[in-house]
Amino acid sequence: MTGVIAWIRRRFFPPLPEDIRDDVAILRANRIETLTPMLFLMLAATTPTAIYGGMPSVHPIIRIGFPVVLAAVCLLGFAAQMHYRGRRMSPRRARRVIVEAAWVSGTMGAMCSSWTVVNWLAAPPENHSYYAMIMAMGSLATAYCLSSTRFAALLNLGIGMVPIAYLMLTSGHAPEIAAGTSLVVATMFLVRMILQQHGQLVDLLELQRQMRDLAHSDALTGLPNRRAFDLRLEEEIARAADGEIFAIALLDLDGFKPVNDRHGHAAGDQLLCEVAARLRRACGDHALVARQGGDEFAILVPRRSPLLATALADHLLAALVVPYRIGAQPLRVGASVGVANWPGDGGSARRLFDTADRALYAAKAAGRPDMSPVESIGIAS
């Protein structure tokens, strides 16, 4: 039994890759908010005919009360969708929309299914097709609108289609058995479409994520590139409150060109990869290391990072002091660093870069520490 349950979970609810879960939630919620307003109006519009077509022998709570409650929920849902339409969809809000859609639609589906079954049992055989049509159209339309959300769509199909299909297939009347068989086939086809759509959605979002990663990554070292660094810096500036500081550092290798000239570009590429790895280890999760291009690197030390309490340039340069093992012989390559602090050294990204750049070139020229007004250190090769 456990194996069957595990197979069903893998088949119908396969796990999502961690890196696209937020993207999937946002896309699902946006689709729900796009399609459900018309669904709400459609369901609300059918409630008067449902009341009119109910069997007089059915208790008024079910015959009239259920359709009235359904209409009220639909109108409130439509008003809520119109109120929130156009608002930014965050991952947290997206997950709330998905959960609400599943439980609201499931509750509404249970009410509709109960109304249909009770009226079917009370109606003469010649009226059965009317109730089956109401339930089938409503359930299939709801599942289609929620098709981007597997759980909600399959829940509504199960609640809406299983009872009425069972009644039709066990009625003993050939036309109803034939119609019930058609409903089962249509439901299975829709279930397959929902599962295929989910797989295509995941593949598409993974491809988009890979393309974004490539657009924001340096192909050689795997570090974030200049574009990614600029975006992260702008985010840090936007989040920085009064009194909070963060820092950027620009690092440039000294003597890198002779390595390319004497040992070839392959050795130079290997050296850059090793420098990137050392900087990444030195910063850990406390700073963002990016490659600006060539032999230039940039480091962003965000607010509340423990690296802000260190001599940042010394910390970075200490990671690069040990000789590099490239090929058969060790290589020594120096570096220069220029550091700028927010907000004292610049009130914008451009000014921070200008300050750090001036400090970097001052360090390269001096080849010594204690460059005022900003921290900057250079080590000759």
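Residues numbered from 1 in each chain as written. Predicted model: local features only at pLDDT ≥ 70, side-chain atom pairs only at ≥ 80, totals over all residues. Heavy atoms only, no water.

**Let's talk about the packing of aromatic side chains**
Working step 1: The final tally for this structure, using the stated rule, is five aromatic pairs.
Working step 2: Judged by centre distance (5.8 Å) and plane angle (70 degrees), the ring pair of Phe229 and Phe353 falls under edge-to-face. Linking Phe229 in helix H8 (residues 226-239) with Phe353 in helix H12 (residues 349-366), this pair joins segments that are 124 residues apart in sequence. Accessibility assignment for this pair places Phe229 and Phe353 in one class, buried.
Working step 3: Here the aromatic cluster, defined as three or more aromatic residues joined through ring pairs, consists of Trp115, Tyr130 and Tyr131.
Working step 4: Seen from the ring of Tyr144, Arg31 lies directly overhead, with NZ or CZ sitting 5.8 Å from the centre.
Working step 5: Looking at Arg278, its charged tip hangs above the ring of Tyr324, at a distance of 3.9 Å from the centre. (Phe/Tyr/Trp six-rings, centres within 6.5 Å; stacked < 30°, edge-to-face > 60°. Helix = DSSP H or I, 4+ residues; strand = E, 2+ residues; numbered from the N terminus. Buried < 20%, exposed > 50% of the residue type's maximum accessible area, 1.4 Å probe, protein only. Lys NZ or Arg CZ within 6 Å of the ring centre and 35° of its normal.)

**A closer look at the pairing of strand S1 (residues 246-254)**
Working step 1: In terms of burial, S1 is largely enclosed, as nine of its nine residues are buried.
Working step 2: Relative to strand S6 (residues 334-342), S1 is paired through nine bridges, and the arrangement is antiparallel. Bridge assignment links Ile248 to a residue of S6, and that residue is Ala340.
Working step 3: Here six bridges tie S1 to strand S3 (residues 296-301), and the two strands are oriented antiparallel to one another. In the sheet register, Ala249 faces S3, and the bridge partner there is Ile299. (Pairing = 2+ DSSP bridges.)

**What to know about the confidence of the model for the protein**
Working step 1: Across the protein, pLDDT averages 85, with 92% of residues at or above 70.
Working step 2: At the low end of the mean pLDDT range in the protein sits strand S7 (residues 376-378), at 37; at the high end sits S3, at 93.
Working step 3: When the criterion is pLDDT under 50, residues 368-381 qualifies, and its contacts beyond four places in sequence or with other chains add up to 44 contacts. (pLDDT = per-residue confidence, 0-100. Contact = heavy atoms within 4.5 Å.)

**With respect to unusual backbone geometry**
Working step 1: Look at the link from Trp342 to Pro343: it is a cis peptide, with omega at 0 degrees.
Working step 2: Summarising the element assignment, Pro343 is placed in the loop between S6 and H12.
Working step 3: Backbone geometry at Arg304 places phi at a positive 65 degrees, although glycine is not the residue there.
Working step 4: By the element assignment, Arg304 lies in the loop between S3 and helix H11 (312-318).
Working step 5: Given a relative accessible area of 64%, Arg304 falls into the exposed group.

**Considerations on the pattern of salt bridges**
Working step 1: Inspection of every chain in the model, using the stated rule, returns 14 salt bridges.
Working step 2: The residue Arg209 makes a salt bridge to Asp23 at a minimum N-O spacing of 3.1 Å. With Arg209 in helix H7 (residues 174-215) and Asp23 in helix H2 (residues 21-53), this pair connects stretches of sequence that are 186 residues apart.
Working step 3: The exposure class assigned to Arg209 is partly exposed, which follows from its relative accessible area of 23%.
Working step 4: Residues Arg239 and Glu236 are paired through a salt bridge, measuring 3.6 Å at the closest nitrogen-oxygen approach. Taken together, the residues span about one helical turn, with Arg239 and Glu236 both in helix H8 at a distance of three residues.
Working step 5: Take Arg239: its relative accessible area is 43%, and that puts it in the partly exposed class.
Working step 6: The class of Glu236 is buried, set by a relative accessible area of 1%. (Salt bridge = Lys/Arg side-chain N within 4 Å of Asp/Glu carboxyl O.)

**Comments concerning the side chain of Thr36**
Working step 1: Examined against the element boundaries, Thr36 turns out to sit in helix H2.
Working step 2: There is a polar contact of 2.5 Å between the side chain of Thr36 and the backbone oxygen of Ile32.
Working step 3: Those residues in contact with Thr36 that sit more than four places away from it in its chain are Gln81 and Leu146. (Polar contact = N/O pair within 3.5 Å; in protein donor to acceptor, adjacent residues only side chain to side chain.)

**Topic: helix H5 (residues 128-145)**
Working step 1: For H5, which comprises 18 residues, the first-to-last C-alpha distance of 26 Å matches the rise-based estimate of 26 Å (1.5 Å per residue) to within 8%.
Working step 2: Buried residues belonging to H5 abut H2, helix H4 (91-122), helix H6 (150-169) and H7. (Expected span 1.5 Å × (residues − 1).)

**Brief notes about the nonpolar core**
Working step 1: In terms of nonpolar packing, the biggest core is built from 32 residues, with Leu251, Ile299 and Leu316 touching the most fellow members.
Working step 2: Residue assignment for this core shows that the elements contributing at least two residues are S1, helix H9 (256-263), helix H10 (265-283), S3, H11, strand S4 (324-326) and S6.
Working step 3: Considering every element that reaches this core, the biggest residue donor is H10, with seven residues.
Working step 4: Sequence-distant contacts of Leu316, defined by excluding residues within four places in its chain, comprise Ala249, Leu251, Leu279, Cys283, Ile299 and Val337.
Working step 5: One finds Ala132, Ala136, Leu146 and Met161 within the second-largest nonpolar core, a separate group that totals 28 residues. (Core = buried A, V, L, I, M, F, W, Y, C linked by side-chain atoms within 4.5 Å.)

**A few points about the environment of Cys283**
Working step 1: Inspection of the secondary structure puts Cys283 in helix H10.
Working step 2: A residue is classified by how much of its surface remains accessible, and Cys283, at 1% relative accessible area, is buried.
Working step 3: Spatially, the C-alpha atoms of Cys283 and Gln208 are 29 Å apart, while their sequence positions differ by 75 residues.
Working step 4: Ignoring sequence-local partners within four residues, the contact set of Cys283 consists of Val289, Ile299, Leu307 and Leu316.

**Some words on the pairing of S3**
Working step 1: Of all the six residues making up S3, five are buried; the element is thus mostly covered by neighbouring parts of the structure.
Working step 2: Relative to S3, strand S2 (residues 288-293) is paired through five bridges, and the arrangement is antiparallel. Looking at S3, one finds that Val289 is bridged to Ile299.
Working step 3: If you look at the hairpin formed by S2 and S3, you'll find two residues sitting between the two strands, and Gly294 has a positive phi there, around 60 degrees.

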